[in-house]
Amino acid sequence: MPYFTEQGKTHSECLEKIRARYGSGAKVLLERTLRKGGFFGIGSYEEVEMTGTYGYAPAPDLETAKRQVLAAAGKAAPDAALQSVLKELRSLHEKLDHRVNETPPVQGIREHPSLQRLEEDLQANDFSPAFIRGMVERARREFPLDSLDNYEDVQKRALLWIAERITLYQEPDVKKKPRIILLVGPTGVGKTTTIAKLGALYGNRTGGQWQHSVRMITLDNYRIGGKHQIEKYGEIMEIPVSAVENYETLRKTLALYREKIDFVLVDTIGKSPRNYGELGDMKAILDACPAKAEPHLCIAASTKSSDIKEILRQFEPFKYRAVIITKLDETTGTGNVISALAEEGKSISFITTGQTVPPDIERASVLSLLRNLEGFTVDTDVLAERFGAYLNSLDHLKLKDTGA
Ligand SMILES: Nc1nc2c(ncn2[C@@H]2O[C@H](COP(=O)(O)OP(=O)(O)OP(=O)(O)O)[C@@H](O)[C@H]2O)c(=O)[nH]1
Ligand SMILES: [Mg+2]
């Protein structure tokens, strides 16, 4: 592999020279500051010297690399100098390994084209900058230089890494009726619509009969139309709806259903995540639910990654067990959702895909998030091998035995 040594007045001048002369393959291995000119230190000035490699041949072993670096620097290679270069090379390797998420690529040195392309593909899908950095660094570490040339392979592997960061909600085995599921979230994300969809899913109507008993409860008692909306769904689907307005009525209503009803679905009033007072009031009412109740946080798919993270944090007092991503049909690219949930360590339970009640809902699966990624080829065979049942759960909704 060819080596270069270049000097410049500043770090960036030196990098610019390297880029102009050696192009995108250039990799800086050593950088040092030289003191030049002057007389007994007076009038001297500093220069930056960089030594490195260019071109994409396989990386030489460390011993060969150090000899070549020294030879290129035009020096004899006394053992002490060799040792110090070797030490520097080792520490460089270690730094790269340990600072995966923090280290931006060296400014001015272009990435391997496949790494650049991966970065662009991830950006096009709205992944967060930290997530992208992690993926690109992983590709840099795990792919030998010559294999990086095959972008298809790089992308395929990256897709598996993305999939690994998705956590799916595991439905609990609730022994005592009812299973209580409540939806919280910002205004207008689709909570009420989703409650009605879930009613139909869990009720599992077959042959004109509900296989499981379902009740819907709404806290949306004050707004004109709020209560009416869910009552309308209840009427159409023949699922009874109760409206409650405070802690006491919610507690009493839930007590009525104890050990009689299979699923109780609680709809709440949309709250701005920034309005702590309102969120606190609603939390006080929902405290009437027993600890086994499962709060799910609804977030619209088009929300940008940093806002998703803020919502995830603001709704933390509700101790939501999972996130429901709504309105997936209204957006392309799910990188914002995947990266925010991965970075905050949250799982995903359902995805809603349209305004039609009840069919536009599916249980979250690895594939449901991956297939929305633009520019990525989703190879279901490879993914199925790795993720099995989680991959495709369209026909998945296994209702747990909620019998007492
Ligand atoms: N495209 C699309 N629209 C949806 C989806 N889910 C809900 N909507 C629409 O989003 C709008 C708001 O839905 P709601 O269910 O009333 O939302 P909400 O969260 O209950 O709203 P508030 O109670 O006001 O906070 C309605 O027009 C729904 O039809 C979805 O998956 N895709
Ligand atoms: Mg609503």
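Residues numbered from 1 in each chain as written. Chains lettered and ligands numbered in written order. Predicted model: local features only at pLDDT ≥ 70, side-chain atom pairs only at ≥ 80, totals over all residues.

What about the overall build of the protein chain?
Note the cut-off: Going along the chain from the N terminus, every DSSP run of H or I of four or more residues is numbered as a helix, and every run of E of two or more is numbered as a strand. Three exposure classes are used. Buried residues have 20 or more other C-beta atoms within 10 Å of their own C-beta, exposed residues have 12 or fewer, and partly exposed residues fall in between, all C-beta atoms being placed from the backbone. Note on contacts: residues are paired as contacts if their backbone-placed C-beta atoms lie within 7 Å.
Counting secondary structure elements, the protein chain contains 14 helices and 13 strands. By the burial criterion, 33% of the 404 residues in the protein chain qualify as buried. Taking as baseline every contact in the protein chain between residues at least 6 positions apart, the subset at least 24 positions apart corresponds to 73%.

Focus: helix H12 (residues 335-344)
In terms of burial, H12 is largely enclosed, as seven of its 10 residues are buried. Following H12 by one or two positions, Gly345 adopts a phi angle in the positive range, close to 65°.

A few points about the pairing of strand S10 (residues 294-300)
Note the threshold: Should DSSP find at least two bridges between two strands, the strands are taken to pair.
With seven of its seven residues buried, S10 lies for the most part within the structure. Of the two faces of S10, the one lined by Glu294, His296, Cys298 and Ala300 and the one lined by Pro295, Leu297 and Ile299 are each fully buried. Two strands pair when backbone bridges link them, and strand S4 (residues 179-184) and S10 are joined in this way by four bridges, in the parallel orientation. Looking at the pairing, Ile181 lines up with Glu294 of S10. Bridge count between S10 and strand S11 (residues 322-326): five bridges; the pairing is parallel. Looking across to S11, one finds that His296 is bridged to Ala322.

A look at the site of ligand 1
This is how it is decided: Nearness is defined per residue: the C-beta atom, placed using the backbone, must lie within 6 Å of the molecule or strand. Lys, Arg, Asp and Glu make up the charged group, whereas Ala, Val, Leu, Ile, Met, Phe, Trp, Tyr, Cys and Pro make up the nonpolar group; the residues left over, Gly among them, are polar.
Among the 18 residues in the neighbourhood of ligand 1, the closest are listed as Gly190, Thr192, Thr193, Gly270 and Thr352. The element contributing the most residues to the shell around ligand 1 is helix H7 (residues 191-203), with three residues. For the shell around ligand 1, the class distribution of residues is one nonpolar, 11 polar and six charged.

A short note on the sheet that holds strand S3 (residues 45-53)
The cut-off we apply is this: With axes taken as lines fitted to C-alpha atoms, and helix axes fitted only over the stretch in contact, angles between N-to-C directions fall between 0 and 180 degrees.
Read from one edge of the open sheet, three strands run S1-S3-S2, paired in antiparallel fashion. A single partner strand is all that each edge strand has here, and the edge strands are strand S1 (3-8) and strand S2 (27-36). Strand-to-strand twist of the sheet, defined as the mean angle between neighbouring strand axes without regard to direction, takes the value 20°. The pairing of S1 with S3 spans six bridges and is antiparallel. Among the inter-strand pairings, Thr5 is bridged to a residue of S3, identified as Thr51. Against the sheet, helix H1 (residues 11-22) contacts S1 and S3, and its axis sits at roughly 140° relative to S1.

Some remarks on the environment of Ile261
Tracing the sequence through the fold places Ile261 in the loop between helix H9 (247-257) and strand S9 (263-267). The class for Ile261 is partly exposed, based on 19 C-beta atoms found within 10 Å. Sequence separation between Ile261 and Pro178 is 83 residues; the distance between their C-alpha atoms is 5.4 Å. For Ile261, the contacting residues outside a window of four places in its chain are Lys177, Pro178, Ser213 and Arg215.

A word on H7
Applied cut-off: Every helix has an expected span of 1.5 Å times one less than the residues it contains.
Over its 13 residues, H7 runs 18 Å from end to end, which matches the ideal 18 Å to within 8%, given 1.5 Å per residue. Taken across its 13 residues, H7 has 12 buried, putting it largely inside the fold. Once H7 finishes, Asn204 follows within two positions and takes phi at roughly 50°, a positive value.

Observations concerning the packing of helix H11 (residues 305-314) against H12
Heads up, the condition is: The cut-offs work like this: below 35 degrees is roughly parallel, past 145 is roughly antiparallel, 65 to 115 is roughly perpendicular, and the gaps in between are oblique. Each crossing gets its handedness from the near helix: less than a right angle anticlockwise from the far helix is left-handed, clockwise is right-handed.
Between H11 and H12, the least distance of the axes is 9 Å, while the angle of their chain directions is 40°. Classified by the interaxial angle, the pair formed by H11 and H12 is oblique. Classified by chirality, the crossing of H12 by H11 is right-handed. Here Ser305, Ile308, Lys309 and Leu312 of H11 come into contact with H12, specifically with Asn336, Val337, Ser339, Ala340, Glu343 and Glu344. Taken together, the residues of the contact of H11 with H12 break down into four nonpolar, three polar and three charged.

Points about the pairing of S9
In terms of residue burial, S9 counts as a mostly covered element, since five of its five residues are buried. Burial along S9 is two-sided: Phe263, Leu265 and Asp267 and Val264 and Val266, pointing in opposite directions, are all buried. By the bridge criterion, five bridges tie S4 to S9 in an arrangement that is parallel. Of the residues in S9, the one forming a bridge with Ile180 is Val264.

Regarding the nonpolar core
Stated formally: Nonpolar cores are identified as sets of buried Ala, Val, Leu, Ile, Met, Phe, Trp, Tyr and Cys residues joined via C-beta atoms within 7 Å. All domain edges in this entry derive from an automatic or database-based domain assignment.
In terms of nonpolar packing, the biggest core is built from 75 residues, with Leu118, Leu265, Ile299, Val323, Ile325, Val337 and Val366 touching the most fellow members. Counting the residues that make up this core, at least three belong to each of domain 2 (111-164) and domain 3 (179-390). Not counting chain neighbours up to four residues away, the residues in contact with Leu118 comprise Met135, Val136, Ala139, Val154, Gln155 and Ala158. Counting residues in each nonpolar core, the second largest holds five residues, with Cys14, Leu15, Ile18 and Met50 among its members.

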